Number of protein chains: 2
Amino acid sequence: MNKKIHIFDSSLRDGAQGSGISYSLDDKIKITKQLDILGVDYIEAGNPGSNQKDREYFDAMNKQTLKNATLVAFGSTRRKDVDVKKDINIQNLLSANTKAISIFGKSWDFHVKSVIITTLEENIKMIYDTICYLKSCGKEVIYDAEHFFDGFKANPTYAMDTLKIAQSAGADCLVLCDTNGGSFPDDVYNITKNLRESLSCEIGIHCHNDIGVAVANSLMAVKAGATHVQGTFLGIGERCGNANLSTIISNMQVKSGYHCIEDSMISELTPAARYIAEVSNIPLDRSMPYVGANAFAHKGGMHIDGIMKAKGSFEHIDPEVVGNTRKFLMSEVSGKNTVINRINKIDPSITKDSVVTKEIVELLKSLESQGYQFEGAEASFELVIRKHLGLYKPFFSLEYYKIIEEQEASGSKNECTASAMIKVMVKGKTEMTAAEGNGPVNAIDKAIRKALGLFYGKLKDFHLSDYKVRVLDGTNTAAKVRVLIESTDGEDYWTTVGVSTNIIEASVHALVDSIEYKLTRDLENGRN
Amino acid sequence: MNKKIHIFDSSLRDGAQGSGISYSLDDKIKITKQLDILGVDYIEAGNPGSNQKDREYFDAMNKQTLKNATLVAFGSTRRKDVDVKKDINIQNLLSANTKAISIFGKSWDFHVKSVIITTLEENIKMIYDTICYLKSCGKEVIYDAEHFFDGFKANPTYAMDTLKIAQSAGADCLVLCDTNGGSFPDDVYNITKNLRESLSCEIGIHCHNDIGVAVANSLMAVKAGATHVQGTFLGIGERCGNANLSTIISNMQVKSGYHCIEDSMISELTPAARYIAEVSNIPLDRSMPYVGANAFAHKGGMHIDGIMKAKGSFEHIDPEVVGNTRKFLMSEVSGKNTVINRINKIDPSITKDSVVTKEIVELLKSLESQGYQFEGAEASFELVIRKHLGLYKPFFSLEYYKIIEEQEASGSKNECTASAMIKVMVKGKTEMTAAEGNGPVNAIDKAIRKALGLFYGKLKDFHLSDYKVRVLDGTNTAAKVRVLIESTDGEDYWTTVGVSTNIIEASVHALVDSIEYKLTRDLENGRN
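Residues numbered from 1 in each chain as written. Chains lettered and ligands numbered in written order. Predicted model: local features only at pLDDT ≥ 70, side-chain atom pairs only at ≥ 80, totals over all residues. Heavy atoms only, no water.

### So, the overall build of chain A
(1) Moving on: Helix and strand counts for chain A come out as 17 helices and 18 strands.
(2) Moving on: Each principal axis of the C-alpha distribution contributes one length, and for chain A these read about 85 × 65 × 45 Å.
(3) Moving on: Taking all 528 residues of chain A together, 62% fall into the buried category.
(4) Moving on: Across chain A, every contact between residues at least 6 apart in sequence was considered, and the portion connecting residues at least 24 apart equals 66%.
(5) Moving on: Approximately 19500 Å² of chain A is accessible, and the part contributed by carbon and sulfur atoms is 50%.
(6) Moving on: When the 61 positive and 68 negative side-chain charges of chain A are each reduced to one mean point, those points stand 2 Å apart. (Helix = DSSP H or I, 4+ residues; strand = E, 2+ residues; numbered from the N terminus. Buried < 20%, exposed > 50% of the residue type's maximum accessible area, 1.4 Å probe, protein only. Contact = heavy atoms within 4.5 Å. Areas by Shrake-Rupley, 256 points an atom, 1.4 Å probe, with all protein chains shown as cover. Lys, Arg positive; Asp, Glu negative; His and termini not counted. Charge placed at Lys NZ, Arg CZ, Asp CG, Glu CD.)

Take a look at the structure:
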């Protein structure tokens, strides 16, 4: 059995402190579920004392059961000169009702004196009281020793004392934090090794990437004896981000013989990274190790030549191990394996070697090169397959639309009106109608469903549950956009995609796909 | 005197093998000059044997003089079973007329047998002949031992023999390449240290980032005795990229007591990174260590509070050292401290306790509750402050706009047209115009700038560099959206925000803010 390393994901807490990240309650729940399926050990999800949104999250999660992960609420040690049982933040932490709590405290004498402004003794008591109290409440306590490495360099005896008191108070894990992210790998190794020899408690590591070595520091700490690694799945976080767990899990489990998650989930790392990026509404860095779109993309002629002769010649691992694919940037090559699973859902008789399989792979590649992405939009991909196999029954066609958007005058009277006029054809009959909306997409959504509702009553039951826009390859108002629309009829959720340089056109494509998918499925279930 | 480390930049060669990078001759010359001003020691600029563009580049550069850097042409050892003097690639390399040449050869027996397909003996001769010949032509020869670490692990004796022969042939530097990017920091350290003890020649290091540790590996090699570091200034390169030199130079010179470039140029690292990203036509990763826009951006309330009390509390270095700036990201958690810094940029006489400070904090909260987010949209926030203080001079007003979006028919003829009609008023004069675009936002962007360009010529210089849409709390096509627009005039970047249930209206607000900000700033700098 390989040595087990506990993976502690803080995307929803430290990650949410990254610039540009703003999770809704729904986003947080989606990410929690994805991380749980993947099999991380801990999910740190917020500070129930600091904001309302985090409190709602814990209330919602208390009604659900996770398969693998332990949910963790995050907060600080009690405030100075306050009875721990009367500290409102500590009470808020307990009210989150999680099995585990992570508590951060100060290890750096400079911070004790200059930031929390108290005595070194009181800080020691704050750590002790808080951990003792939480342990007496039956919690698993993960103690984050904030700024540990800086503190250890400045005053090793004091930094060490903060850990010893946390250990004696009953902490389950002592996490060495490189909070400012400025420590070097050899220092992290040496200091962790020193501690491993003088402490009996489990040791964890929490690194930031301010000098570009968060992954290396985490690995060096593990080499020195740490068995708990904190980070965020995509490396998001304050300033330059946290240690990237998708990279660390891969490095440790695929290349170094440690055990982090189930072996069968390693090939889910790439799809999970793409899903979490999508929910976080951030582009997934294409050059991200293991999971980035270009992590195994070859461009140099000599590299491509090498790969053609021997796969291992310019790749450190086989990309399929982590669910990624090799790419030759001049002529993209992608795998049949993924596609055949989807095809078989519609027609089980088709095999990997069938001509249509090859055709659909080509079609997929061509759509992807136009900016489509089907990872989070399975409903659209199912329609692509159905249409290619001739198994799609058209329910309607959108014959025409016109959207008018008008702003009367600037200044006080600031109203902008959007209206849409549309014509649909259903079973040879045309229906024209119009609707106003809170914006162009809302207006056309309303108009289309108004017209189709005359023919398909069931369309009243469904509504859009999410709408996401991503600008592709960036970079100005003429750039291509990808729109993802999630819809629900109360029972199921499905997602469709549209791509265009025109945001309205992309939205309309995704909208039409969503309705087509709903009608197709209802027909199969005898509900039309 | 601190120990000198030679910096070898391969942005124009290995970097150009990164996905999405395509340098024109002019781009290459611009980047060469920037790197030379910064003071890197070597600039590897291409393979004159492999393409015409590289040859033109060397011809152009032969007419210029660099202040600091040595230009390097790149190529492989002679081909197997060919007289080195008759090898056309070697002759092309010489024709580049550079003082230094970097030559890569094989150190991994697997590559000798499976990729170049020759005997181990012939490969040794290829290395020897090539280096001897280039030395006899008076060149400085940098020998890149491709796949050295993988080769050393597979067959240490043979890998070592390839270095020994290169040394005896007169190579000036032996560069250990982790070509596949899969080596770990401790291995790199141990292997480099072993070599440092058995070779007399200068040792260099060349790392790729496939497991996320290229920077750490480069630093560990230096600790083990390497004095020449290869990489690319922004980390671009094949697959997951090369070692990031902007990070490495900062780590070594600012934090570790090595000497890489002139001390006075360290504060130019951030502007240089932005310039090189601009010329490379790639967005500079905001979370890039030292030089990224968010490298010193603080968001968590406790971090901001800490920084206000003591600067070093949540920063590993002072951002100004590398020419970057501290930022407090505006968010619900940040409070008065953050706001007063912004206000003081406009009016230094206002204090934390002034009535207007309180008013602006309230205004900020109210705008945030409507869905605004000023974190990352400082330009819009500056306008909010200016307007509240009565210090905003209106440059124009958008009096009216109308957008029409029309799709003729579905099916084969799938074209959707967007056009915008607008009226602006400037200094009492109105100007009405119209434009077509790739979508509604592009159309109105074009129309507004067309009209305002008549009054403010400088508006031609700026363009939008990023456009982001976020659906708030999301959830259907009537939901509120937040649009963030980043603009640049080539020197500066600024971001503005708009919020509405209508995506067009939100985009127009952000667009108008961007133009107002640009005009305000130009006026202050005497450029209107």
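### Comments concerning the pairing of strand 16 (residues 463-471) of chain B
Residue and element names in this part refer to chain B.
(1) Moving on: For strand 16, a buried count of seven out of nine residues is recorded, marking the element as mostly surrounded by other parts of the structure.
(2) Moving on: Looking at chain direction, strand 16 and strand 17 (residues 481-488) are connected through eight bridges and run antiparallel. Counterpart to arginine 470 in the pairing with strand 17 is arginine 482. (Pairing = 2+ DSSP bridges.)

### Things to note about the packing of helix 15 (residues 378-388) of chain B against helix 17 (residues 503-524) of chain B
Packed helix pairs are characterised by how far apart their axes lie and by the angle those axes make with each other.
Residues and elements named next belong to chain B.
(1) Moving on: Axis separation between helix 15 and helix 17 bottoms out at 9 Å; the angle between their running directions is 70°. Taken together, helix 15 and helix 17 sit at an angle that is classed as roughly perpendicular. Along this stretch, helix 15 crosses helix 17, giving a crossing that reads as left-handed. Note on element contacts: helix 17 touches helix 15 through Asp513, Glu516, Tyr517, Thr520 and Glu524, opposite Ala379, Ser380, Glu382, Leu383, Arg386 and Lys387. (Axes fitted to C-alpha atoms, helices over the stretch in contact; angles between N-to-C directions. Parallel < 35°, antiparallel > 145°, perpendicular 65-115°, else oblique. Left-handed = near helix turned anticlockwise from the far one by under 90°.)

### Considerations on helix 11 (residues 269-280) of chain B
Residue and element names in this part refer to chain B.
(1) Moving on: Between its first and last C-alpha, helix 11 extends 16 Å over 12 residues, near the 16 Å set by a 1.5 Å rise per residue.
(2) Moving on: When we look at burial in helix 11, the residues that qualify are Leu269, Thr270, Ala272, Ala273, Ile276, Ala277, Val279 and Ser280.
(3) Moving on: Buried-residue contacts for helix 11 involve helix 1 (25-38) and helix 10 (245-255).
(4) Moving on: Once helix 11 finishes, asparagine 281 follows within two positions and takes phi at roughly 60°, a positive value. (Expected span 1.5 Å × (residues − 1).)

### Side note on the side chain of A:Asp41
All names here are of chain A.
(1) Moving on: Mapped onto the elements, aspartate 41 comes out in the loop between helix 1 (25-38) and strand 3 (42-44).
(2) Moving on: Exposure remark for aspartate 41: the relative accessible area of 15% places this residue in the buried category.
(3) Moving on: Polar contacts involving the side chain of aspartate 41 include one to the side chain of lysine 4, which spans 3.1 Å.
(4) Moving on: Within the structure, the side chain of aspartate 41 is placed 2.8 Å from the backbone nitrogen of isoleucine 7, a separation counted as a polar contact.
(5) Moving on: Setting aside its immediate chain neighbours within four residues, aspartate 41 contacts Lys4, Ile5, His6, Ile7, Asn68, Ala69, Thr70 and Cys260. (Polar contact = N/O pair within 3.5 Å; in protein donor to acceptor, adjacent residues only side chain to side chain.)

Read these as spatial facts, not as claims about activity.
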